[in-house]
Amino acid sequence: EEVLTFGLGIPSAQVKEPEAVVRMHQSILDKIAAIPGVASVGLTSIVPMTNSGWHDPIFAADKTYAQAQLPPIRAFKFLSPGLLKTMGNSIVVGCDFVWEDLYGKRNVALVSENFARELWQEPSAALGKQIRENATSPWREIIGVVGDERDEGVEKKAPTAAFWPMLMSKFEDGEPSVRRTMSYVIRSRRSGSSAFTGEVSRAVWAVNPNL
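Residues numbered from 1 in each chain as written. Predicted model: local features only at pLDDT ≥ 70, side-chain atom pairs only at ≥ 80, totals over all residues. Heavy atoms only, no water.

Right, let's get into the overall build of the protein chain. Tallying secondary structure elements over the protein chain gives 6 helices and 13 strands in all. In summary, the protein chain has a C-alpha radius of gyration of 17 Å against a globular reference of 17 Å for 211 residues, a match within 12%. The dimensions of the protein chain, computed from C-alpha atoms along their principal axes, are 55 × 40 × 25 Å. Looking at the protein chain alone, contacts between residues at least 24 apart form 73% of all its contacts between residues at least 6 apart. Accessible surface computed for the protein chain: about 10,100 Å², of which carbon and sulfur atoms make up 49%. Seen as two clouds, the 23 positive and the 24 negative side-chain charges of the protein chain have centres 3 Å apart. (Helix = DSSP H or I, 4+ residues; strand = E, 2+ residues; numbered from the N terminus. Rg over C-alpha atoms; globule rule 2.2 N^0.38 Å. Contact = heavy atoms within 4.5 Å. Areas by Shrake-Rupley, 256 points an atom, 1.4 Å probe, with all protein chains shown as cover. Lys, Arg positive; Asp, Glu negative; His and termini not counted. Charge placed at Lys NZ, Arg CZ, Asp CG, Glu CD.)

One finds Val22, Ile32, Ile131, Trp164 and Ile186 to be the most contacted residues of the largest nonpolar core, which totals 45 residues. Beyond its immediate chain neighbours, meaning those up to four positions away, Ile32 contacts Phe6, Val38, Val41, Tyr184, Ile186, Val200 and Ala203. Ranked by size, the runner-up nonpolar core spans 12 residues in total, among them Leu79, Leu83, Phe97 and Leu110. (Core = buried A, V, L, I, M, F, W, Y, C linked by side-chain atoms within 4.5 Å. Buried < 20%, exposed > 50% of the residue type's maximum accessible area, 1.4 Å probe, protein only.)

A word on helix 1 (residues 18–33). In this model, helix 1 (16 residues) spans 23 Å end to end at C-alpha, consistent with the 22 Å of a helix rising 1.5 Å per residue. Turning to helix 1, its buried residues number three or more, namely Pro18, Val21, Val22, Met24, His25, Gln26, Ile28, Leu29 and Ile32. (Expected span 1.5 Å × (residues − 1).)

The subject of this paragraph is the environment of Asn107. With respect to the helices and strands, Asn107 occurs in the loop between helix 3 (99–103) and strand 7 (108–112). With 54 residues separating them in the primary sequence, Asn107 and Gly53 have C-alpha atoms 22 Å apart. Every residue in contact with Asn107, bar those within four places of it in the chain, is listed here: Pro138, Trp139, Arg140, Glu141 and Ser169. Side chain to side chain, Asn107 and Arg140 meet in a polar contact 3.5 Å long. (Polar contact = N/O pair within 3.5 Å; in protein donor to acceptor, adjacent residues only side chain to side chain.)

A word on helix 4 (residues 113–120). Buried residues dominate helix 4, accounting for 6 of its 8 residues. Phi turns positive, to about 70°, at Gln121, one or two residues after helix 4.

Another aspect to go through is the packing of helix 1 against helix 6 (residues 194–207). Where helix 1 meets helix 6, the axes come as close as 9 Å, and the angle between the chain directions of the two elements is 140°. Taken together, the axis directions place helix 1 and helix 6 in an arrangement best described as oblique. Of the two elements, helix 1 crosses helix 6, and the hand of that crossing is right-handed. Contact residues: Met24, Ser27, Ile28, Lys31 and Ile32 in helix 1; Val200, Ala203, Val204, Ala206 and Val207 in helix 6. (Axes fitted to C-alpha atoms, helices over the stretch in contact; angles between N-to-C directions. Parallel < 35°, antiparallel > 145°, perpendicular 65-115°, else oblique. Left-handed = near helix turned anticlockwise from the far one by under 90°.)

Another point: the pairing of strand 5 (residues 73–79). Most of strand 5 is tucked away, with 6 of its 7 residues classed as buried. Bridging between strand 3 (residues 54–57) and strand 5 involves 4 bridges; their strand directions are antiparallel. Within strand 5, the position partnered with Asp56 by the bridge is Arg74. Two elements, strand 5 and strand 10 (residues 161–165), share 5 bridges in a ladder whose sense is parallel. Within strand 10, the residue paired with Ala75 across the bridge is Ala161. (Pairing = 2+ DSSP bridges.)

None of this, on its own, says anything about what the molecule does.
Below is the structure:
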């Protein structure tokens, strides 16, 4: 009841360079965060319960796979710093992404608690382990384990999931890889009012009136 979401894309015709795309998203986040009554704000590639998640095999560096065998399919999303707090989720062990991870294109990742327990029994044991989304991508170090999050319906178990920064040196075939279209998630007791929605819109346009 206290969360407002909206989708926003930054086309290449507006902003070409991948890092500049993220900096514009961050500027918009800062403008929204300054609106009176906003508790927190973050970005995600997939809003929970929208049935639009991405799923791929996720490889672990310390596991072996039979010839021609792929690891299990996992859900995955791209996140900004601050998204977990806004969603009401938490870091079980380790730490969240920071903006320096994105701009430095550090090879880091987060995983869900059920993912960590399946592969390494304890969440703390997952820290420092490495995962990647295909057999040729860079290995990415797990820096945090996230509380399980239902994503496909309240009656279904939370999927095992991996979480990636929205800017990376490479992801699958993208090099560099940036998420131009993201969903903004805003936590505020003012959510639902037309006045608040108007202020959010003006915050976006203050950064780029063409969006």
